[in-house]
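# Coordinate inspection notes
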Amino acid sequence: MSHQLTKQIIQWYKHKARNLPWRNTTDAYKIWLSEIILQQTRVNQGLPYYERFINHYPTIALLASASEDEILHLWQGLGYYSRARNLLQCAKIIAENHQGTFPADYNALKKLPGIGDYTASAIISFAYNRPYPAIDGNIIRLISRLFGIFDTPYGKESTQKIKSICEELIQHSPPAIYNQAMMEFGALQCSPKQTNCSICPLQAFCYAYQHQQVELLPSKKRKTFVKELYFYYILVEYNDYIYIQKRENNDIWKNLYQFPLIQKEQSTSISSISKEINVLLQINDFSITHISPIIKHLLSHRKIHANFIHIIINENYELKGYIKIKKKDIDNYAFPQLIRNYMTKHL
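First, a word on what this report is: a plain description of the structure on this page. Each chain has its residues counted from 1, following the order in which its sequence is written. For a predicted model such as this one, the threshold for reporting local features is a pLDDT of at least 70, and the threshold for listing and counting side-chain atom pairs is 80 or more; totals across whole chains, interfaces and linings nevertheless cover every residue. For the side-chain quantities, the full set of heavy atoms in the structure was used; hydrogens and water were omitted.

### Points about the nonpolar core
Worth spelling out the cut-off: Residues grouped as a nonpolar core are buried Ala, Val, Leu, Ile, Met, Phe, Trp, Tyr and Cys residues, joined through side-chain atoms within 4.5 Å. When accessible area is computed with a 1.4 Å probe and restricted to protein chains, residues below 20% of their type maximum are described as buried, those above 50% as exposed, and intermediate ones as partly exposed. Only DSSP runs of H or I with at least four residues qualify as helices, and only runs of E with at least two residues qualify as strands; both kinds are numbered from the N terminus onward.
Core analysis: the largest hydrophobic core is formed by 96 residues, its most contacted members being W32, F53, F102, Y233 and F259. For this core, the leading source of residues is helix α2 (residues 28-38), giving 8 residues. Y230, Y238, I262 and Y317 belong to the second largest nonpolar core, which has 18 residues in total.

The following block contains the structure:
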């Protein structure tokens, strides 16, 4: 069964696969870069970023020589910014400790920043054709449906079951094409919703199809608790200048830039915020010129309600902890997408 199953998937892949730039190479650098970009990201969203990075940094040595600000600036809008920080850190280690070449050893790859089981398996199978199954969300869904695995996804028991099945399946085909075919089949054919089983070549192998349980598998994950936060960004303008700061909190936006921020756990009146501006910036003489409507921004564990409050000051203050820049230079700095979207329309 295993041999026939993989044969059908690979045959499907040869006719249906998308032509993506990282698929026609065994260059571990390009494969690694694509995999980091595509974590938590759809292909159509990640592709322009991949091309941008390859154009700026065609080799890992050039990427390793970049500054974090440069990397974050190229990355802005893609989210999950720890990936960008790990990208640079990993590139430096490869350039300095591995002569610019990714190790062809699974355990050595896993020791590198930002590389876990899946990414290590992808690199070592695509670049070196070693038999390590790359198991992502698409494959978890595909294997759960094919083999009727009802355990909670990402639980210890289901993870081990799926890994064992994939380790058996990969033995029957060249590892690189097997992993590519499995991931592509899960992404395009065995999709999360509105799966078109009537044209699926795996009907004869599929537990979910034969038992009319496609929509029930894989079992639903527990809902993530989403905390609501209220952000009041203060756009302090003086003539042609505006004040920004580098975010140093150890969170997903670490080392990105932002406007002065008053953060709350519940909605607060603008009059109260106005008083807090005095305390935050240590200035008394300012005028509020504009207050944006509430802008909602959803992250994986946070729902942010943001207001942007424009104020004008009439003195050339040096605000402690903030950088004064010309408004025309603001595009040289990397901001979270929430702020970038607002600036595009209002600055």
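The structure having been displayed, the exposition proceeds.
### What to know about unusual backbone geometry
Along the chain, L217 connects to P218 via a cis peptide bond; the corresponding omega equals -5 degrees. Along the chain, the position of P218 falls in the loop between α12 (207-210) and β1 (227-238). Even without being a glycine, Q212 presents a positive backbone phi close to 50 degrees. Relative to the assigned elements, Q212 resides in the loop between α12 and β1. Notably, N239 is not glycine yet its phi reads approximately 50 degrees, a positive angle. Relative to the helices and strands, N239 is located in the loop between β1 and β2 (241-246).

### Some words on the pattern of salt bridges
To keep it simple, the criterion reads: Salt-bridge detection follows one rule: a side-chain nitrogen of Lys or Arg within 4 Å of a carboxyl oxygen of Asp or Glu.
Using the criterion set out here, one finds 12 salt bridges in the structure. We note a salt bridge from K110 to D117, for which the minimum N-O separation is 2.5 Å. Take K110: its relative accessible area is 35%, and that puts it in the partly exposed class. Look at D117 and you get partly exposed, because its relative accessible area is 45%. Its salt-bridge partner being R340, residue D331 comes within 2.8 Å of it at the nearest N-O pair. Overall, D331 belongs to the partly exposed group, its relative accessible area being 48%. Its relative accessible area of 11% is what places R340 among the buried residues.

Everything listed here is a matter of geometry and, on its own, says nothing about what the molecule does.
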